[in-house]
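Chains, contacts and geometry: an overview
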There are 2 protein chains.
Amino acid sequence: MESKGRFITLFETAEFLSGKDNFLILTHQNPDGDTLGSGFGLAMILDKLGKKSTVICSDEIPKKYEYFTSLAPQNADLQKALTVIAVDVADTKLLGDLEEKYADKVELCIDHHVSNVGYAKATYLDGSAAANCECIYELAKLLGVEVDANMALALYTGISTDTGCFRFSNTTAKTHRIGADLIELGIDSAEINRVMFETKSRIRVELERMALDAMQFHFNNRCAVIVITREMYEKTGCKDEDLEGITAIPRSIEGVIVGVTLREREQGGFKISVRTYPPVDASAICKRVGGGGHIRAAGCQLGAEYSTEDAVKEMLKHVKAVMEESFAGTVTDK
Amino acid sequence: MESKGRFITLFETAEFLSGKDNFLILTHQNPDGDTLGSGFGLAMILDKLGKKSTVICSDEIPKKYEYFTSLAPQNADLQKALTVIAVDVADTKLLGDLEEKYADKVELCIDHHVSNVGYAKATYLDGSAAANCECIYELAKLLGVEVDANMALALYTGISTDTGCFRFSNTTAKTHRIGADLIELGIDSAEINRVMFETKSRIRVELERMALDAMQFHFNNRCAVIVITREMYEKTGCKDEDLEGITAIPRSIEGVIVGVTLREREQGGFKISVRTYPPVDASAICKRVGGGGHIRAAGCQLGAEYSTEDAVKEMLKHVKAVMEESFAGTVTDK
């Protein structure tokens with residue numbers, strides 16, 4: 001969607017929220033900790049300001065984030081005029097099934113993706129924030145809302161999940177200082193991280209083993225590809241939510257700078273995640289197939305007309321092209 | 001070793017260092033990021049104070065920490081009287097081959113293990129520090145030494161590796177604030193974490209798959225055990241340094257509260273790591289076999305008289321006993 005709105009400051013964002021009520025907070029499809037932490041965190045802030053809100057998402061909330069829903073009252077009056085806000089949603093396409101109904105109605109977007117196209121009437125964008133929850137935390141401070149332990153839980157979860165627990169290159173000194181503030185509010189950060197990162201279902205462990213067995217290496221071992229086929233889903237009984245973080249695996253192999261993970265969708269076609277290390281731009285690869293994202297982590301989709309083999313071939317073509325641009329030379333498949 | 005020394009404040013520690021010179025800095029055997037970060041970090045501080053020092057260890061420095069050695073001049077005059085300091089060493093037993101020569105000569109120990117027995121003439125112990133490198137950072141501040149990017153590199157590495165990148169329950173608000181300070185000194189924390197955590201050799205990936213294949217579950221799936229046998233070492237060609245972090249795997253399975261990893265040593269016998277979740281005390285399990293450590297992470301050894309099967313049986317006996325104490329009831333093996 002073309003840009004149509006204007007970009008505003010955090011202060012204007014606070015003013016906007018202060019002057020409105022009855023908020024509908026949109027989160028992105030395939031919701032993660034940051035979009036949900038932002039949504040429910042914002043709902044808690046609005047509640048403290050005596051305002052009503054409800055958080056919605058096109059997709060089901062993964063089990064490990066379900067506890068968010070009990071932290072904030074979901075009390076917008078859907079029969080009355082709503083103030084529609086989107087959080088951590090870079091493009092209306094990412095609203096999933098909610099796109100049709102709400103794409104043109106988003107009055108405010110709070111986001112940290114530099115790829116945000118400015119689809120909302122007003123957008124607060126902090127591209128330096130590792131997680132959108134950092135913006136929500138700063139907004140709470142600016143609004144004079146006391147951040148309590150429940151808010152801290154939601155915001156810490158968003159920050160931790162979007163930074164791989166302070167590991168990724170998006171992590172800044174500010175990210176750590178906000179993390180410190182949130183921990184001081186009494187949350188059990190280790191327990192959050194255990195649930196978010198450490199605990200794997202036995203199903204997941206089995207699936208990882210299968211995926212590793214089938215891992216392919218290309219371009220002189222600088223690119224690793226794993227495909228999660230429907231057969232693997234069926235054999236292990238895993239769901240999409242069991243797969244979170246699996247996209248980090250290919251890039252984690254020594255020497256690999258482009259990791260590609262293809263998940264075969266139930267309805268056919270593939271959901272694809274690309275993770276890179278410098279100098280390769282993951283979003284440049286995904287943009288070539290109509291996707292997008294960040295420089296080190298991006299995503300795209302391929303339709304049901306692609307067989308597994310063709311989908312891998314298609315992605316390798318674009319990986320090769322972007323690698324050749326990055327290295328200013330020919331990349332051969334070995 | 002019995003306690004013989006006294007416990008001192010950080011201020012007294014700074015005074016001690018100010019009044020001495022020609023330091024020999026001892027680190028613990030099987031050196032990790034925290035003992036080496038503490039050692040080389042302290043060496044850099046001493047260098048800035050115009051003092052000479054050399055860091056030593058009974059074992060070879062793992063490849064990924066080798067860069068530490070180029071950060072600090074190693075210039076103690078070993079022919080003259082030395083001031084012997086130990087960092088991150090809870091017990092003289094952990095000095096390995098250096099124990100015999102130095103056990104009685106440690107004038108100062110800087111440590112964060114609450115199990116520190118006070119073997120040094122003077123010990124600065126901060127049991128609330130997630131990593132000993134936090135203590136070294138605070139010491140630099142107290143001594144008025146400007147922490148530069150090289151020091152930050154060593155100290156960040158120690159903090160990150162000892163907290164699982166700010167993930168474990170030892171992580172505090174202070175840990176994050178020091179992390180923030182260090183990042184502001186211009187270090188590439190993502191690159192450090194990539195080397196420390198994300199990058200796995202293909203050998204390591206292969207070994208993990210073997211270990212997972214052979215994983216055993218006990219006590220109603222609450223205990224998981226993996227054994228890294230000599231055969232696995234040989235098949236994959238892996239070294240001990242390829243194994244770092246492998247001890248986190250058993251406990252990472254959903255429902256597991258005691259994870260036990262046995263590594264068969266080249267000379268026979270086993271090096272054993274125990275990782276637990278509440279309410280089970282890992283150090284209580286290891287103490288029963290002459291080992292020790294922290295409440296969630298501890299270690300012990302079993303001699304060459306144990307076969308693999310016997311070693312597992314022996315450990316399960318102690319796991320069972322401590323689980324029964326923890327749950328105040330009988331634990332049966334299913």
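In this text, all values refer to a predicted model and were calculated from it rather than measured experimentally. (Residues numbered from 1 in each chain as written. Chains lettered and ligands numbered in written order. Predicted model: local features only at pLDDT ≥ 70, side-chain atom pairs only at ≥ 80, totals over all residues. Heavy atoms only, no water.)

Here we look at the packing of aromatic side chains
By the definition in use, this model includes nine aromatic pairs over all chains. On the basis of an interplanar angle of 55° and a centroid distance of 4.8 Å, the ring pair of Y67 of chain B and F68 of chain B is categorised as tilted. Here F68 of chain B falls in the buried class, since its relative accessible area comes to 0%. Cluster of aromatic residues (ring-pair linked, three or more members): F40, Y65, Y67 and F68 of chain A. The ring of F327 of chain B is capped by R222 of chain B, whose NZ or CZ atom sits 5.2 Å from the centre of that ring. Above the ring of Y277 of chain B, the side-chain terminus of R251 of chain B is found at 4.4 Å from the ring centroid. (Phe/Tyr/Trp six-rings, centres within 6.5 Å; stacked < 30°, edge-to-face > 60°. Buried < 20%, exposed > 50% of the residue type's maximum accessible area, 1.4 Å probe, protein only. Lys NZ or Arg CZ within 6 Å of the ring centre and 35° of its normal.)

Quick look at the domain arrangement of chain A
Residue and element names in this part refer to chain A. As far as domains go, chain A holds domain 1 (6-197) and domain 2 (202-327). Domain 1 and domain 2 are separated by 27 Å when their C-alpha centres are compared. Each partner contributes to the interface: domain 1 provides ten residues, whereas domain 2 provides seven residues. For the pair domain 1 and domain 2, the two sides together bury roughly 670 Å², of which 42% comes from carbon and sulfur. For the pair domain 1 and domain 2, the number of links is zero salt bridges. At the junction of domain 1 with domain 2, the criterion picks out one residue pair in polar contact (both at pLDDT 80 or more). Residue classes in the side of domain 1 that touches domain 2 are distributed as two nonpolar, five polar and three charged. (Domains from an automatic or database assignment. Contact = heavy atoms within 4.5 Å. Buried area = accessible area lost by both parts, 1.4 Å probe. Salt bridge = Lys/Arg side-chain N within 4 Å of Asp/Glu carboxyl O. Polar contact = N/O pair within 3.5 Å; in protein donor to acceptor, adjacent residues only side chain to side chain. Nonpolar A, V, L, I, M, F, W, Y, C, P; charged D, E, K, R; others polar.)

Describing the pattern of salt bridges
Within the structure shown, the criterion is met by 32 salt bridges over all chains. Among the salt bridges present, the one from K235 of chain A reaches E231 of chain A, with a minimum N-O distance of 3.9 Å. One end of the pair is K235 of chain A and the other is E231 of chain A, both in helix α9 (residues 230-236) and four residues apart, which spans about a single turn. The residues K235 of chain A and E231 of chain A share a single accessibility class, namely exposed. With a shortest N-O distance of 3.2 Å, E324 of chain B and K320 of chain B are connected by a salt bridge. Pair noted here: E324 of chain B and K320 of chain B are both in helix α11 (residues 308-327), with a separation of four residues, about one helical turn. Its relative accessible area of 23% is what places E324 of chain B among the partly exposed residues. Residues joined by salt bridges that share partners form a network here, namely D126, E138 and K174 of chain A. (Helix = DSSP H or I, 4+ residues; strand = E, 2+ residues; numbered from the N terminus.)

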